[in-house]
Amino acid sequence: MMSEFVLPRFIFCLIQYLREGYNEPAVDVPSEKDFHKVLQLLGPQISFLEDLTKMGGAMRSVLTQVLTNQQNYKDLSSGLGENACAKKSHEKYLIALKGSGLAFPEDKLTCGMQDQAAGTSSLAVSGFAGATGTSGQVDSSDEEDQDGSQGVGKRKRVKLSSSVKDQSIMDVLKHKSFLEELLFWTIKYEFPQKMVTFLLNMLPDQDYKIAFTKTFVQHYAFIMKTLKKSHESDTMSNRIVHISVQLFSNEELARQVTEECQLLDIMVTVLLYMMESCLIKSELQDEENSLHVVVNCGEALLKNNTYWPLVSDFINILSHQSVAKKFLEDHGLLVTWMNFVSFFQGMNLNKRELNEHVEFESQTYYAAFAAELEACAQPMWGLLSHCKIRETQEYTRNVVRYCLEALQDWFDAINFVDEPAPNQVTFHLPLHRYYAMFLSKAVKCQELDLDSILPDQEMLMKLMIHPLQIQASLSEIHSNMWVRNGLQIKGQAMTYVQSHFCNSMIDPDIYLLQVCASRLDPDYFISSVFERFKVVDLLTMASQHQNTILDSEHERSMLEGALTFLVILLSLRLHLGMTDDEILRAEMVAQLCMNDRTHSSLLDLIPENPNPKSGIIPGSYSFESVLSAVADFKAPVFEPGGSMQQGMYTPKAEVWDREFDPVMVILRTVYRRDVQSAMDRYTAFLKQSGKFPGNPWPPYKKRTPLHPSYKGLMRLLHCKTLHIVLFTLLYKILMDHQNLSEHVLCMVLYLIELGLENSPEEEPDEEEPVGGQERCHDSWFPGSNLVSNMRHFINYVRVRVPETAPEVKREPPASTSSDSFASTQNSGTAQVFSLVAERRKKFQEIINRHSGEANQVVRPKTSNKWSAPGSTPQLTTAILEIKESILSLLIKLHHKLSGKQNSYYPPWLDDLEILIQPEIPKYCHGDGMTAVERILLKAALQSRLNKRIIEEICKKVTPPVPPKKASSAEKKTLDKEERRQKARERQQKLLAEFASRQKSFMETAMDVDSPETDIAMEIVTPEQQVSEAVYDCVICGQSGPSSEERPTGLVVLLQASSVLGQCRNSTEPKKLPTTEEEQIYPWDTCAAVHDVRLSLLQRFFKDSSCLQAVSIGWEGGVYVQTCGHTLHIDCHKSYMESLRNDQVLQGFSVEKGEFTCPLCRQFANSVLPCYPGNNVENSLWQCHSNKSMQELIKEVEELQEQLGIFPVSISSETNLSKEMESVMKDIKSTTQRKYTDYSKTPGSPDNDFLFMYSVARTNLELELIHRGGNLCSGGASTAGKRSCLNQLFHVLAMHMRLYSIDSAYNPWKKLTQLMQDINSQLSNEEQPEVPVLYRDVSSLLLIQILTMPQPLHKEHFTCIVKVLFTLLYTQALAALSVKCSEEERLAWKDLGTLKKNTCNAEKSWEVLLSLVISELSKGKLYLEGETEELGMVNPIAWSPDNIERYLQQFCLPFLRITSLLQHHLFGGDLPSCQEEEEFTVLASCLGLLPSFSQTAHPFTSAACLDWSVPAFDIIPQWCFEVTSFSERHAEQVKVLLIQESKWDLPHLLQLPENYNTIFQYYHRKTCSVCTKVPKDPAVCLVCGTFVCLKGLCCKQQSYCECVLHSQNCGAGTGIFLLINASVIIIIRGHRFCLWGSVYLDAHGEEDRDLRRGKPLYICKERYKVLEQQWVSHTFDHINKRWGPHYNGL
């Protein structure tokens, strides 16, 4: 019931809605808004259908029936009947259908209105092939080409005639079922996601799958048209491919559709039609009469890759063997496809700008390269993968045949004869490349005979021209001859050889040239090469010449280019016989030789065979095995302060030794500098392994044997033209003519060596007469074999030279016989010209032979320079006496290179072995001399005659330079050489000196752990005699003391820090939560504990006194660090001024006072004034005063009373005091208000007082942490070397002394005097002061010291420490007494009273402990909750050892801080020690331990006590404050007693081993603020908080969540792990930077943004580096790339 009645109506209703909602979009207004409205209305209906599909197979088959039932459709939707609404909707439907066929409006009449089923099976060939040539009608009336009017000038659109096409897709669509119309509307509405999902959800139903696939194919043309018009082509493309991938990946289905619906025809035709809309006339070769059309790369269709869904479908179906076979068998299809490919042949033509720079650099080349790769090369690779065995020979013949036909058509269309048009180049020759790749496949895999598929000579000559033109243009581009075309032309040259393109572009081109070279006349080929590279005129014996087509500055690099090209052509074997594995190995070696590479970049750089079935796939077995064979893995390294390396692969030594192939490197380098880099690395290897000390030449590498089909290629090496060129170049190099380089010589020798390695077997008759004059009538050399030509002497050469040349002045030789001989030489170098001219003639003959037509195109006029080289009037003929052979030139070259006469001595004269076993390693690596020796040895080996001649030449002592008299010009060049040599040496020296300076600077300025080198930069640690510290200003360079008027300052960086607050009191690390159960609570952090303590104190005691009983700054404390450089403060001001006016974008904000140190470029934001003064400390350090403790206490008290009386300098405003005030302001503003204001009355002076001494505390505590939490290592560590605590103390002290402590409340009195009437004092205050036992002793120390006049005397310092130690010790005893059980307390109490009367009672902890216990028992301290606490506190029994250990641990933090302070104030080194003796060492260093007391009996901590008031009097007084407090608040007494502090060093959270653990938990986690899943989730590595990066939902007052969190958690420093990118980001104040990743894959590489999707594992070393930078506050100095975040993170 439902299926027959409800569903059809429901679906029809849906369709009617879609019809109603559709309006033909107006020409210019995109109609998406309307689309979306309709779709929103229909949301529920489509969702309902979607739910039905999820009900299972039965429901799906019902739906399939309804959707494909034709009767239902007919009944409901025909629009007949009375229903007006239905009629209207039907009309709308018909309007919408109108543009759905491919036929264009003016063609509509010709198309018979056939039924779509009767489509012709295959395209008629004749009409189509003719289409390209015949119809060039221009037409812009097509409905789609609204923008046809843009056709600029000539560039009108060209449309091909659509004479005969497959009717089924030409026509308007006809729908026969709901499914068809539904798909139609889906396309019309540009594939709404919901509809796509519904249509795809139905696919499990087999009937539906087939019906839907056929429908999809039927609509294919319509899809293309909609896609072209779409404004959202990207999203639409993705959705199309979503569908088509499901349909066409199934081989069975694809085959069925191909057979039943002409899928291939439809696809090819649709692609052809798609491209037809953007064709323009080709301007290649013959601009006026060209009939060829190419795609216009500027068109949106190509620019936005709109064609890719269709092309990707095509590639997809070609991957099925059965479909590809059909394609390769169908001649009509092949013709159509070649037609399609020819649209890309010659696109994006570049014309060289000769006058001014091009105004607008077009970027169309991206589109061109992408189009050739995707639309031409990818289908080609797909087809090639099916041509792998002999049985498929026929397919290859088909492709090659139609390819050649298309090429012939193309040559005809562009009117090409034999000369390419000058100054033009296109990098796109897909037809050539199809031809080349199928040839290569035929020979390599199908054993086809190469000659059977090659065309005639004339066609080969044409074929080689354009690829050769590209090679010459590459050389021109690199010689900067195209510089006026802008950067984009370089971009094209690079893309052409780049790894993703090279095997579809440059490799086939070079292979095609190799094939042509192996079949054409070698002399013709060689002369064509030099002609294309425009260097023919340079190849003359004369020292001067005229080059009519090339500027002299380009000559050298073009000549290098031509020779390099020949070397590549002759040595590359990629398609000439190498196996896949050999190719892979060669590619890998080339890439690794340029640079060490990461695994992923290797995968990217090695051109993979684009078709997936080739076996060389990234990560495949062969890839990994080859990699492990040629390379060693270097694990990631961490240079502290340097960049973090990734895991790299580096070539093994034997690879450098045997496999380094410079030719392959040159072929594969995108940047020319990579070639240099490879050579530098090779040089370094040879030096390191001791194989060769100097500058080596590129090594000569043996090649894999040639495939027999290509043997002809080696004829190039044995042709006279090449030999003449080589001879001429050797001669010119020897004579020092201009424009020749070592590179030219290197390539010349390489070619000679290649020739010797590949010489033809038969050696000419050994005994020919040596003079052989009578045989040399035709040209320079007797034969074509290099081996025999090498020894042939050439005596005289006639050259054409400009009249100014030096050769003209010389007299011709007198002897007539030799003169006549010279004339038989047939005017020597003119020979090279005439050779070219001869080849021209030959070519003309071939052409004339082939075309019997009378109207043969006459050659362009440019040829006149070939026909008559003497036509330019200022040329004159001169005869040169040469008398050299190639061998003699080589030997003289050896002399020249070595700089010694007779340096060459034939090695076989000493050691005949050499001739028998010539492979000698000593010749493998070396410079030019080695190469010459190697060549001469090979020449001697190949012929006895050569051997004899070499010996003869060496016997004649030949002067190294042949000319008769060294002309002044030559002298100049020799001097030049020497001068150059000297300049080089000087440069080396300078560089070495510079490097050593740099090293010493690095050691002093950076944290390099070098032996402590005391440099002048050191901060004040002068010798005793110097009374005043001297500073160097790094801006003005003057040195002098800091004075009141002109103070000097230290460059410092002030930053707020919460690192201290992150210490925890447990040693086990906190883990990052990765499940709901694991959570982190910050109760046990140092910051939290201190916070709780302060607020408790403030509840019960007087505020001002509370604020002196603790330190703040655990969170948001200000840390001051310096690079150690000093400058005058006025110099600094002018420096800041200049930075303000500097327009360059800096990474810091000058407005906020930020700058970089002018000397070491370290980041800084303030200057800390140096206090002028003699280093009194040092002199006072020595003198041991004999004042008694009491006297010193009195003095300290008096000094503190003087507070109101300022030193003169401060009362009168000086520059110094102003600066000190401003730096204090800076320090205050560094941290946030909430971290400085703790008092109950805001802004009270107590607050400032607390803040100031806390700054000192923060810096001391942090230094302690940097030293590892204790002082065992001693010495002035690196932190000490650059510490600015001394200067900081002066600044703080000066400000602290502005606040007077009321003498009644001065803690000093409480510590050193007995109070008279304690009771009365307590009773009359409502809020008492904090009891002394509750006060933090380190804070008291800082208060005492900073309120004394500076500089402080050492004896006073020691006195303060001694007094405070007694208080600390009492606190330790009190804390201990609370920890003991009731019984233990009683026991200790009794023990102590027994010992009370011994002599050293005050220095015995038993006595003191019993005293403390008995005093505290008077209050309610021990009563509360005794019983339950017992089990909890600790079950251990307190043995005397335990107690002693406890007391020492309690006092250690204070001793460490005090020792550090003493070290900074008074100099003197910190002693190093073992951990167990740290207490004693520090105590004696501080002067607490009288040195004589170290006798035999065991040491106790109590021995350090020095009571200023008898202990039995003062301890009760201190305890009384606590007991009287306990009367009122018994429950708080214990909590407030200061406990032993066991803070562990600060650590970041511990991360899991595998990144996936983090990713899985966090990437779906919802944000606690907005309860959504964030787009960019991040997690704080300090406290584990989950935050949204850049999330607007969590923004508060314009601060995004990460920035806010960095302020709350780290006082401005945040370390976040970005979950979706695996990267760590650092926020520091208003700047941020990407730090890198601590998770690496198995190859030691990062995977930023998780693009590669490899499993990632924690790299502990990196994480340690990150933690180290966090703890040491060095993010600013080490990371370089900072940018402002504008609170948006």
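The model shown is predicted, which means the values in this text are computed figures rather than measured ones.

Novice: Looking at this structure, I do not really get the packing of helix α11 (residues 220-229) against helix α12 (residues 233-248). What am I missing?
Specialist: The relative placement of two packed helices comes down to the angle between their axes together with the axis-to-axis distance. Where α11 meets α12, the closest approach of the two axes is 11 Å, and the angle between their N-to-C directions is 160°. With respect to α12, the axis of α11 lies roughly antiparallel. Where α11 crosses over α12, the two elements pack in a sense that is left-handed. On α12, the residues touching Y220, I223, T226 and L227 of α11 are S233, M236, S237, I240 and F248. Here the residues of the contact of α11 with α12 sort into six nonpolar, three polar and no charged.

Novice: Would you take a moment to explain the sheet that holds strand β11 (residues 1048-1057) for this structure?
Specialist: Sheets are built from strands paired through backbone hydrogen bonds, the pairs being either parallel or antiparallel. Reading across the sheet, the three strands line up as β12-β11-β15 and stay open at both edges, with antiparallel pairing between neighbours. The open sheet has two free edges, formed respectively by β12 (1117-1128) and β15 (1166-1169), since each of these has just one partner strand. Within the sheet, the average angular offset between the axes of one strand and its neighbour, ignoring direction, is 40°. Two elements, β11 and β12, share nine bridges in a ladder whose sense is antiparallel. Its bridge partner being in β12, L1053 is matched across the sheet by Q1121. Strands β11, β12 and β15 of the sheet are contacted by helix α51 (residues 1215-1230), whose axis makes an angle of about 135° with β15. Seen against the sheet, helix α52 (residues 1245-1266) touches β11 and β12 and runs at an angle of roughly 85° to β12.

Novice: Would you explain the sheet that holds strand β20 (residues 1631-1636) in this entry?
Specialist: If you trace the six strands from one edge of the open sheet to the other, you get β17-β16-β18-β19-β20-β23, paired in antiparallel fashion. With partners counted over all chains shown, the strands left at the sheet margins are β17 (1586-1588) and β23 (1683-1684), one partner each. Note: strand β18 (residues 1613-1618) against strand β19 (residues 1623-1628), six bridges, orientation antiparallel. Its bridge partner lying in β19, I1615 is registered against I1626. Across the sheet, helix α68 (residues 1660-1671) is in contact with β18, β19 and β20; its angle to β20 comes to roughly 155°.

Novice: Would you take a moment to explain the pattern of salt bridges for this structure?
Specialist: Two side chains carrying opposite charge are able to pair once their charged atoms lie near each other. Throughout the structure, instances matching the rule amount to 53 salt bridges. The salt bridge involving E884 is made with K892; its shortest N-O contact spans 2.4 Å. There is no split in this pair, since E884 and K892 are both buried. E1645 is the salt-bridge partner of R1652, the closest N and O atoms lying 3.8 Å from each other. In this structure R1652 comes out as partly exposed when scored by relative accessible area, which is 28%. Under the relative-accessibility criterion, E1645 is labelled buried at 2%. Put simply, K702, E753, E757, R934 and K938 are held in one network by salt bridges that share partners.

Novice: Would you explain helix α62 (residues 1440-1466) in this entry?
Specialist: Note: α-helices contain 3.6 residues per turn, so residues at a spacing of three or four share the same orientation. With 27 residues, α62 should reach 39 Å at 1.5 Å per residue; the first-to-last C-alpha distance of 37 Å fits that figure. The largest bend along α62 reaches roughly 35° and is located at L1452, with the proline P1453 sitting one to four residues downstream. Along α62, 21 of the 27 residues are buried, which leaves the element largely enclosed by surrounding structure. G1467, located one to two residues past α62, shows a positive phi value of around 70°.

Novice: Hey, could you run me through the packing of aromatic side chains in this one?
Specialist: Geometry of an aromatic ring pair is reported as the spacing of the ring centres plus the angle between the planes. All chains considered together, the criterion is met by 44 aromatic pairs. Look at F633 and Y649: their rings are 5.1 Å apart centre to centre, the planes differ by 50°, and that puts the pair in the tilted class. With a gap of 16 residues between them, F633 in strand β5 (residues 631-634) and Y649 in strand β6 (residues 648-651) connect regions that are remote in the sequence. For F633, a relative accessible area of 39% puts it in the partly exposed group. Looking at Y649, the relative accessible area reads 10%, which means it is buried.

Novice: Would you take a moment to explain helix α8 (residues 178-188) for this structure?
Specialist: The buried count for α8 comes to eleven of eleven residues, which makes it a mostly enclosed element. Taken together, the buried positions of α8 are F178, L179, E180, E181, L182, L183, F184, W185, T186, I187 and K188.

Novice: What's the story with the environment of E1191 in this structure? I'm lost.
Specialist: Its place among the elements puts E1191 in helix α49 (residues 1189-1201). Look at E1191 and you get partly exposed, because its relative accessible area is 42%. A sequence separation of 168 residues divides E1191 from C1359, and the C-alpha atoms of the two residues are 9.9 Å apart.

Rules of the game
- Residues numbered from 1 in each chain as written.
- Predicted model: local features only at pLDDT ≥ 70, side-chain atom pairs only at ≥ 80, totals over all residues.
- Heavy atoms only, no water.
- Axes fitted to C-alpha atoms, helices over the stretch in contact; angles between N-to-C directions.
- Helix = DSSP H or I, 4+ residues; strand = E, 2+ residues; numbered from the N terminus.
- Parallel < 35°, antiparallel > 145°, perpendicular 65-115°, else oblique.
- Left-handed = near helix turned anticlockwise from the far one by under 90°.
- Contact = heavy atoms within 4.5 Å.
- Nonpolar A, V, L, I, M, F, W, Y, C, P; charged D, E, K, R; others polar.
- Pairing = 2+ DSSP bridges.
- Salt bridge = Lys/Arg side-chain N within 4 Å of Asp/Glu carboxyl O.
- Buried < 20%, exposed > 50% of the residue type's maximum accessible area, 1.4 Å probe, protein only.
- Expected span 1.5 Å × (residues − 1).
- Bend = angle between axes of the 7 residues up to and from the residue.
- Phe/Tyr/Trp six-rings, centres within 6.5 Å; stacked < 30°, edge-to-face > 60°.

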